[in-house]
Amino acid sequence: MTGAMGLDPHEAKAQILEYCKRKGALVAGVADIEALQRIAPPGHRPRDMLPRAKSVIALGVGGQTRGAWAVPAKALGFFGSTEGRAYKIAYGCAFYIEHKFQAPAIYCPPDMDPESGSRVPFQSLKLHAEVAGLGARSLAGDILLHPEFGYMYFASVFTELELPPDRPLAENPCPAPSCADLYRKSGRTPCMKFCPAQCLHGRVDEAGRQAEMRYEMAKCAELTQQYEAVPQMLREALDADDPADRERALFDPNNSQYWYKMSVGSGGLLAQCFECMRVCPIATKAPLADPIQRAAALGGKTGG
Amino acid sequence: MPRGLTMPDIGVTEEMIDAFGAAVWELSNNVQVRQGDPVRQLDFTAIEAQRPGTGMTDAQIADRLNLTREQVLLIRVLLEARRFDRRPYRRLYELGGSRRFRPQT
């Protein structure tokens, strides 16, 4: 099979995925765009972003180092996320595709749709990655988990180049056997039990598979997004009749942290929480979950 | 406000927020409920059947509740701000290392 420019789509796909991995992606794949067009709701489908898109490339990068799991939560919130690396690779990949194959391509913005407030993204990068076979939905609020790489951050590229799609994972690694055991004993998996927002609930069936996942995103957002925190503080300050109350609303030690984070443009703006992943055996102990394990698997050739 | 419109322009009142707020909240992505693993299995029938639980767009919610998309958008975003509680974030100060969350802490 050959496409435009006499290009073999399989060869083009191999070169694009190789580019992503060479730049630091642990995994990369092509999602079936027709499946995405059916699953994503109107307004959030790939062709709502790039009308002539024929392929969606998803890629994933590893999370933080193993050492990071041992630090206090208040510190991990500033550096735990590694999604910037994924975005950088995807951005470069779009340029690579246009340069190498002369086919229009875009870096898919991971941002919120400005017509929908602060909690509805343009596109679901999670959906792209899942359909491309890069991870499966977990009981931890549908965070994708991979049986070998554990917990990753994802980015997507859309292109008018037609590439053969991959399939979703054949099996879901969540819940791990130890999590299913804890559920049988206590009715909760570790992620449900130790979530500081208590936003996770669910059921595991007798075979140890996910039966139901319930995630209260709004509760999770109180620890992980905080987009409403600053306007809330400003409203309290504006509503205050007493100057002392106004000062407290703006400069109380708990509130002044937001000014710091905004001033420095913290990568974890305004908050991040990793407690469900900290206790997840797949995120922390998958065979290639961190640079130490990956280096060991490759005979010490890489720590990335 | 959506596209510069005010609450009166699009017909949203506090009474409307009281009446429809709970339904809008449950149908939005603020609460997500999934049975089985339908996306991974590309089970399109199950995906469609589960949309009210997995989170609908404002337009889809509007169709279901006989509201306009702008009304749902405004109700949802106002509720996201009003229900947002800054206090739980402080729980993170006690966690990490070997310390895990306990409901009584």
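Residues numbered from 1 in each chain as written. Chains lettered and ligands numbered in written order. Predicted model: local features only at pLDDT ≥ 70, side-chain atom pairs only at ≥ 80, totals over all residues. Heavy atoms only, no water.

Trainee: Whenever I open this one, the nonpolar core confuses me. Can you help?
Mentor: One recurring pattern in soluble globular proteins: nonpolar side chains tend to sit buried together. All names here are of chain A. Residues Ile16, Leu59, Ile97, Leu161, Leu200 and Met277 are the most contacted members of the largest nonpolar core, which totals 64 residues. No other element matches the 8 residues that helix α5 (residues 83-101) contributes to this core. Excluding anything up to four places from it in sequence, Leu161 contacts Leu7, Ala12, Ile16, Lys54, Ser55, Ile97, Phe101 and Ala103. Judged by nonpolar contacts, the second largest core, of 29 residues, contains Leu50, Val131, Phe154 and Phe158. (Core = buried A, V, L, I, M, F, W, Y, C linked by side-chain atoms within 4.5 Å. Buried < 20%, exposed > 50% of the residue type's maximum accessible area, 1.4 Å probe, protein only. Helix = DSSP H or I, 4+ residues; strand = E, 2+ residues; numbered from the N terminus. Contact = heavy atoms within 4.5 Å.)

Trainee: Mind showing me how you'd approach the interface of chain A and chain B here?
Mentor: Interface extent is often summarised as the accessible area lost during association of the parts. Contact residues are listed per partner, giving 64 residues for chain A and 44 residues for chain B. Together chain A and chain B conceal approximately 4800 Å² of surface at their shared face, both sides included; 51% is due to carbon and sulfur atoms. When residues of chain A are sorted by the area they lose upon contact with chain B, Ile39, Glu115 and Glu222 of chain A head the list and together hold 12% of the total. One can count 2 salt bridges joining chain A with chain B. A salt bridge links Arg34 of chain B to Asp142 of chain A; the shortest N-O distance between them is 2.7 Å. Linking chain A with chain B are 30 residue pairs in polar contact (both at pLDDT 80 or more), by the criterion used here. The residue makeup of the side of chain A that touches chain B, split by class, is 32 nonpolar, 13 polar and 19 charged. (Buried area = accessible area lost by both parts, 1.4 Å probe. Salt bridge = Lys/Arg side-chain N within 4 Å of Asp/Glu carboxyl O. Polar contact = N/O pair within 3.5 Å; in protein donor to acceptor, adjacent residues only side chain to side chain. Nonpolar A, V, L, I, M, F, W, Y, C, P; charged D, E, K, R; others polar.)

Trainee: What exactly am I supposed to notice about the packing of helix α2 (residues 14-27) of chain B against helix α6 (residues 69-83) of chain B here?
Mentor: The relative placement of two packed helices comes down to the angle between their axes together with the axis-to-axis distance. Residue and element names in this part refer to chain B. Interaxial distance between α2 and α6 falls to 9 Å at its minimum, and their mutual angle equals 85°. The angle between the axes of α2 and α6 places the two elements in the roughly perpendicular class. Each of Glu14, Met16, Ile17, Phe20, Gly21, Val24 and Trp25 in α2 lies in contact with α6, whose residues at this interface are Gln71, Val72, Ile75, Arg76, Leu78, Leu79, Glu80, Arg82 and Arg83. Per-class residue counts for the contact of α2 with α6 are 9 nonpolar, 2 polar and 5 charged. (Axes fitted to C-alpha atoms, helices over the stretch in contact; angles between N-to-C directions. Parallel < 35°, antiparallel > 145°, perpendicular 65-115°, else oblique.)

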